[in-house]
Each structure stands twice: as structure tokens, then as C-alpha cells.
Amino acid sequence: MEECSMDLYGPTLTFQNLCYCITEKQGFFCRKGHKKDVLKDVSGIMKPGMNAIMGPTGSGKTSLLDVIAGRKDPQGLCSGEVLVDSKVVTSDLRLSSAYVVQDDILMGTLTVRENLAFSVNLRLPPDQFSSQDKVFRVNNVLEELCLQDCADTKIGTEFLRGISGGERKRCSIGMELITSPSLLFLDEPTTGLDANTANSIIALLQRLSRNGKTIIFSIHQPRFSIFRQFDHLTLMNKGEIIYAGPANQAVGYFEDLGYKCEVFNNPADFFLDVINGEIDPVLGLPDAELHIRAVKSSYVCLSAHMSSWECINIAIFQLRVVCGRTVKNILRNPQTSYAQLILNIIFAVLVGLIYFQIPHTLPEALQNRIGAFFFLIINMVFGNLSAVELFINERALFIHENSSGYYRTSVYFLSKVFADLVPNRIVPVFIFSSIAYYMMGLKTDVEAFLLFALTMSLVSLSAVGLAFLVSASVSSFAMANILIALPFVFMMVFGGFLVNLNSMLSWMSWMKWASIFRYGLEAVTINEMRGQVFTDNYTVLTGEMYLKMQGIDYSLWGFWQNEIALLGIMSVCMLLAYIQLLRINRWK
Ligand SMILES: Nc1ncnc2c1ncn2[C@@H]1O[C@H](COP(=O)(O)OP(=O)(O)OP(=O)(O)O)[C@@H](O)[C@H]1O
């Protein structure tokens, strides 16, 4: 086993007197809760090389890693500080260091090379690195991580078989190495991998550490071939450090305290057995207690060469790169878009057949028209329930990339919204409107058709806006479905078709002002009825007379106020959705 050799170069990270506590809420409404100390006054030093943080489950190793990497909510930090090369750092360290999360968070529909290119494009400033430089970097990382053979293979999704687990992990490491960070944090890099793959990942990290990197990682219970590659070991138990020092001296330290490690025992297992109280002290040292052994070795202070790219990224450039990835993702995973389009076509034909060429004779002229409009609006609203998945699907990816400084929240929001609205909402609605409108035999002039299609689009977009708001506010589909169905049903009741709004209890009727159904129904009714004449054997009824009877303002403003209200609902919902995205908790 190598000791953390003094001639390795790279940044040195120290942490002093870190106390971290969390407040466990007792119930849904209870704001105050019971305080739990996750880290109890811990101090230590991580030098260039391989720094492992080990301990039994729940001992606080991930918490320590997250606190020193600036990923844990600073509100919980009661005391202490983290220094890199003797300079105090804040949680902004997360923007300039590299952190590989335990569950590989990658875009499954993109290839290994495309994922690395995405990272390099967003994290290296475009004015300092040419496209060739970036391609060169991607190729270098592919070579360094031995990923050339699967460079053009897709990562894989739940529907698409992709690269292997080890390759995924190497790709995740590559996403971070692409900026050549000197400080690399990894949360349990071997979890979920088979023994050989785990070994090769640790060997890779060791190789990287020999080239000027300080590698800090948490690990649960490594086998000996892995353990012997560690330079420095931090052993944790119940939020405290019980050993910190050269990994190859840890056995000796415990033996000095009276704990005997059998010849064939794996030191990593031995330490956990000692911590768990499964090994008793021998050598007449029954009272042996484990003390923190803070190793005060001298180290050379090197200037931190971590650079902060956050300010350099240009929003428009980011938008191009993120939109490019979103579009690629949709093109390679087109099921939702196809389903939306096919559903709209089938539904349009169905509605067209049910209400085929509505006559101008009473009473069916009115009954069928209003019934058809209500039916169409129901389809426009409920057909967009799928929009609730927009931000839930990629929540983990967004949190990881956004907190690592890949892009701004606004860039992500705009790219997702446009990439969803055009193929999934606007295009299918126009196709739907064209088929249904002419099959039903509504007004033949083009202006009336365009206003009909516009109203249908605005109804659809307002419903989508509400779905986006729900999607950005919760993290589970079950919750999203409950939250979206309820307002839609209420809006339907207050739409003016199922109940006469003028006869409602006055304290309830205000809800009609928030009903997408009402605005949509009024707009299409005005558009269709104005200038029409309906007859039966004895009666002549003009569209205007009908609208007046219903209490609908059919002036030009009367029509457009509905469109503006729909636009307003959509804009407010989109804005709130964006605010909700900003409010998502990025801390671990
Ligand atoms: N944000 C949090 N909210 C609630 N509890 C937390 C939070 N962060 C840490 N803890 C608690 O702190 C303790 C240490 O957690 P941590 O994840 O650091 O342990 P660990 O050693 O990494 O465990 P494991 O190997 O199981 O991942 C646990 O009891 C955990 O429940």
C-alpha cells in the first residue's frame, strides 16, 4: 500500500471544527422539529492523492463529503470552515470543483461522446476554447477513461439498452474530468458495480490522482484490492472521525489500541467490525477508546487552480446547446410526440364524424354546435395532461447540472418549454383544428377558421401552462396527477356549459373568471355564431340573438377579451412554473 506521497501535486483541502445538524420535521404542519447532529466537530486534511472516507451506513460519510464539496445546504452548518490551499471556500466550491454523484445522471438518449460534448460546451467558456479544442478534450477524456469503444453508443434509458454500468460510471467521471478539475469528489463511486468493474474504477481514479488531482470519495466496504489503493483514510462513526491518516497505518493504529486484525482479514472489514463492536480489544487494553488521530503532516501550499466558469457562460450560447440537446432527445424518443399527434388526429376524425356537417336548422344547429365546442375544449384541456411530466422526468438531471453551473435555470426552462410547445402542443392542435373544423361544417371563411384554431391553441397552451406549474412544483407523478385533475374539473364545471353561471350562488360564481373552459367556449361560440342565421318552420334566430340570450358580449372586444384572458392564464402559469423551478432545493 502506498502512503500519500509528499511529491504528489494538487490542491490540499482542510476542514476545521465542522458541525452540521439537520432538523427533522415531526409532521406535515410542524415547522419546528428535533435536531440531529450529522457531523460533530470534525476536522481533517485531504492531500493530493486518493482520499477515502469510510464508515458504516449512516455514519455521516456522504454528509462530510457533501459539506466539504459545498453541496450540502449551508443552513445546516453550525460551525467550522473548509479551506482549499489555505484559502477559506464557501459553497461556491461546487461551481469550480467536480462532483460525481452516486446515481449516474446522464442523458440516456445521447451517446457517450454527445454527453461529454454537452458538458465541455457548457463548462468551458466559448471565447477561450475553440470548437477544435473542445473536440480534442472530448477525445482525450474518451482515451483516458478507455471509452473509445463505446463513444458512439447511447447511454441507455428504461426503454433502450445502452452501455454497461462500469462504462456509465466512467462516463459520469468523464463529464466532470472534461474541465480538468484538480479537485474531484465522488459519492460512493463503486456502489452497484461488480468487483472487477469497481476495481477498474478505483484504479482509474488512482491513475488520475497521480497526475495532479486530489480525489476525495466516500466508500462503504471496499475489498482489499481496492482498499490498498487508498492513500489517506478517514474513518467515521456516528458523525465523528475516529481515524484520519495514511491508509496503510490504520491497522497499526487500531492494533496499538488493542484490536487485532487477523492475517487474512480485509482491513476495511476489520475497521467496520471494530466500529460495530464485533471485535473485542485484546492485549490487555480493555478500555481502549478510539480517538481522533488528526494527522498533522506538513504539506506544500499550492495555489488553487480551480477556475470559476459560472460568470463566463453566455446565456444565448447556453440556450443553443441546451435546446440542441432537448431537440435531439425528443427526436430520439419521439413516442410522446407521435402519441400526441395520433391522438389528436383520431379525436378530430371522431368529433368530425359525430358532429358531421352540422345543419342550420333548429334545434340541432345550436345544440350540436355548443355540444361540439364543449367536447373540443375538454379534449384540448385534458389532452395535455401529459405535460405534467416535463420537469418531473429530468428533475435529478436538472438539479445536478444546474447546481454544478452548467446553465442558468432560465435557459433550461426556455429550452424545455419551446421544445415541448412546438412539437407536442401547437402543431397537433392545428392539425386537429383543420380536420374537425371542416368535417363539422362550421363557417367556411378562412378568418373564422384561423380564429377557431387560435382559440384552440390558447386553450391548449393555458392548460399546458397549468400543467407546467404543477410539474415544476412536485417531484412525483402521482402528486402531479392529483394536483392537475382537480383544477381542470373545477374549471369545467365553471365553464358555462354544465351550469348557468348567472344562476349560481354569487360567492361561488367568481370561479368562472379562472376557467379556461369558459373563455374558450365563449370565444369559439362568438366566432361561430356571429353573422349566422338559424331557422325552423316558424322561427328565425340569428347568432347575435342567441349570444344576447346567453349574456355573451359578442362585440370585437367581447371576443378578444377571452383570448387575452387565456393568454394571461398561460403567462401567469408559466411565470409561476419558472419561479417554482428557481425554488427547487438544490442542496443535498
Ligand atoms: N438532508 C438530510 N435530511 C435528513 N437526514 C439527513 C440528511 N442528511 C443526512 N441525514 C442523516 O444523517 C445521517 C448520516 O447520513 P449520511 O448519508 O451522511 O450517512 P452515510 O454514512 O453516507 O450512510 P450511507 O452509507 O447509508 O449512505 C443519517 O442518519 C441521515 O439520515
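Residues numbered from 1 in each chain as written. Predicted model: local features only at pLDDT ≥ 70, side-chain atom pairs only at ≥ 80, totals over all residues. Heavy atoms only, no water.

**Student:** What is the right way to read the overall build of the protein chain from this model?
**Tutor:** Along the protein chain, the regular secondary structure elements total 21 helices and 12 strands. By the compact-globule yardstick of 25 Å for 588 residues, the protein chain is too spread out, its C-alpha radius of gyration being 31 Å. Considering only C-alpha atoms, the protein chain reaches an extent of 115 × 55 × 40 Å along its principal axes. Looking at the 588 residues of the protein chain, the share that counts as buried comes to 53%. Within the protein chain, contacts between residues at least 6 apart in sequence are counted, and of these 76% link residues at least 24 apart. Charge centroids of the protein chain, computed over 47 positive and 51 negative side chains, lie 4 Å from each other. (Helix = DSSP H or I, 4+ residues; strand = E, 2+ residues; numbered from the N terminus. Rg over C-alpha atoms; globule rule 2.2 N^0.38 Å. Buried < 20%, exposed > 50% of the residue type's maximum accessible area, 1.4 Å probe, protein only. Contact = heavy atoms within 4.5 Å. Lys, Arg positive; Asp, Glu negative; His and termini not counted. Charge placed at Lys NZ, Arg CZ, Asp CG, Glu CD.)

**Student:** Where do I start with the packing of helix α3 (residues 112-123) against helix α10 (residues 315-332) in this structure?
**Tutor:** In helix packing, the relevant descriptors are the interaxial angle and the interaxial distance, both defined with respect to the helix axes. Two numbers describe how α3 lies on α10: the axes approach to 10 Å, and their chain directions differ by 165°. Comparing the axis directions of α3 and α10 gives the class roughly antiparallel. Of the two elements, α3 crosses α10, and the hand of that crossing is left-handed. On α10, the residues that touch E114, F118, N121 and L122 of α3 are F317, Q318, V321, V322, R325, K328 and R332. (Axes fitted to C-alpha atoms, helices over the stretch in contact; angles between N-to-C directions. Parallel < 35°, antiparallel > 145°, perpendicular 65-115°, else oblique. Left-handed = near helix turned anticlockwise from the far one by under 90°.)

**Student:** How should I be thinking about the environment of C171 in this particular structure?
**Tutor:** Relative to the assigned elements, C171 resides in helix α5 (residues 165-177). With relative accessibility at 0%, the residue C171 sits in the buried group. Apart from residues lying up to four places away in sequence, C171 is in contact with L106, V112, L116, L147 and I155.

**Student:** Teacher, can you tell me more about the UniProt feature "transmembrane region" (unreviewed entry) in the protein chain here?
**Tutor:** UniProt records the feature "transmembrane region" (unreviewed entry) for residues 338-358, 370-392, 449-470, 482-501 and 564-582 in the present numbering. Within residues 338-358, the helical portion is 81% and the strand portion 0%, while the C-alpha atoms at the span's ends are 30 Å from each other. With 70% helix and 0% strand, residues 370-392 has its two end C-alpha atoms placed 36 Å apart. (UniProt positions renumbered as here; feature names shortened; annotations may be inferred.)

**Student:** Just to check I follow, could you spell out the pairing of strand β8 (residues 214-219) for this structure?
**Tutor:** Two faces, one strand: in a regular strand the side chains alternate between the faces of the sheet. Here β8 lies mainly inside the structure; 6 of its 6 residues are buried. Burial of β8 is two-sided: the residues T214, I216 and S218 facing one way and the residues I215, F217 and I219 facing the other way are all buried. With 6 bridges connecting them, strand β3 (residues 49-54) and β8 associate as parallel partners. Bridge pairing in β8 links G49 to T214. Pairing of strand β7 (residues 183-187) with β8, which is carried by 5 bridges, proceeds in the parallel orientation. In the sheet register, D187 faces β8, and the bridge partner there is S218. Considered for its hand, the β-α-β crossover made up of β7, helix α6 (residues 195-209) and β8 is right-handed. (Pairing = 2+ DSSP bridges. Right-handed = clockwise from strand over helix to strand, strands pointing away.)

**Student:** How should the pattern of salt bridges be read in this particular structure?
**Tutor:** Should their charged atoms come close, side chains of opposite charge can pair. Under the criterion given, the structure shown has 12 salt bridges. A salt bridge links E255 to K260; the shortest N-O distance between them is 4.0 Å. Here E255 falls in the partly exposed class, since its relative accessible area comes to 28%. On the basis of relative accessibility, which here comes to 45%, the residue K260 falls in the partly exposed class. Across the pair R425 and D420 runs a salt bridge whose closest N-O atoms are separated by 2.8 Å. Considered together, R425 and D420 belong to a single accessibility category, that of buried residues. Through salt bridges with shared partners, a single ionic network connects E114, K328 and R332. (Salt bridge = Lys/Arg side-chain N within 4 Å of Asp/Glu carboxyl O.)

**Student:** Hey, could you run me through the site of the ligand in this one?
**Tutor:** Taken together, 13 residues form the shell around the ligand, and within it K36, T57, K61, T62 and S63 come nearest. Take G58: an N or O atom from its main chain is 2.8 Å from an oxygen atom of the ligand. Contacts to the ligand include T62, whose side-chain N or O atom sits 2.5 Å from an oxygen atom. When isolated, the ligand has an accessible area of 630 Å², and the protein chains bury 63% of it. Listing elements by their share of the shell around the ligand, those giving two or more residues are β2 (33-46) and α1 (61-68). Among the elements that line the shell around the ligand, the one with the most residues is α1, at 3 residues. Grouping the constituent residues of the shell around the ligand by class yields 3 nonpolar, 6 polar and 4 charged. (Near = heavy atom within 4 Å. Polar contact = N/O pair within 3.5 Å; in protein donor to acceptor, adjacent residues only side chain to side chain. Areas by Shrake-Rupley, 256 points an atom, 1.4 Å probe, with all protein chains shown as cover. Nonpolar A, V, L, I, M, F, W, Y, C, P; charged D, E, K, R; others polar.)

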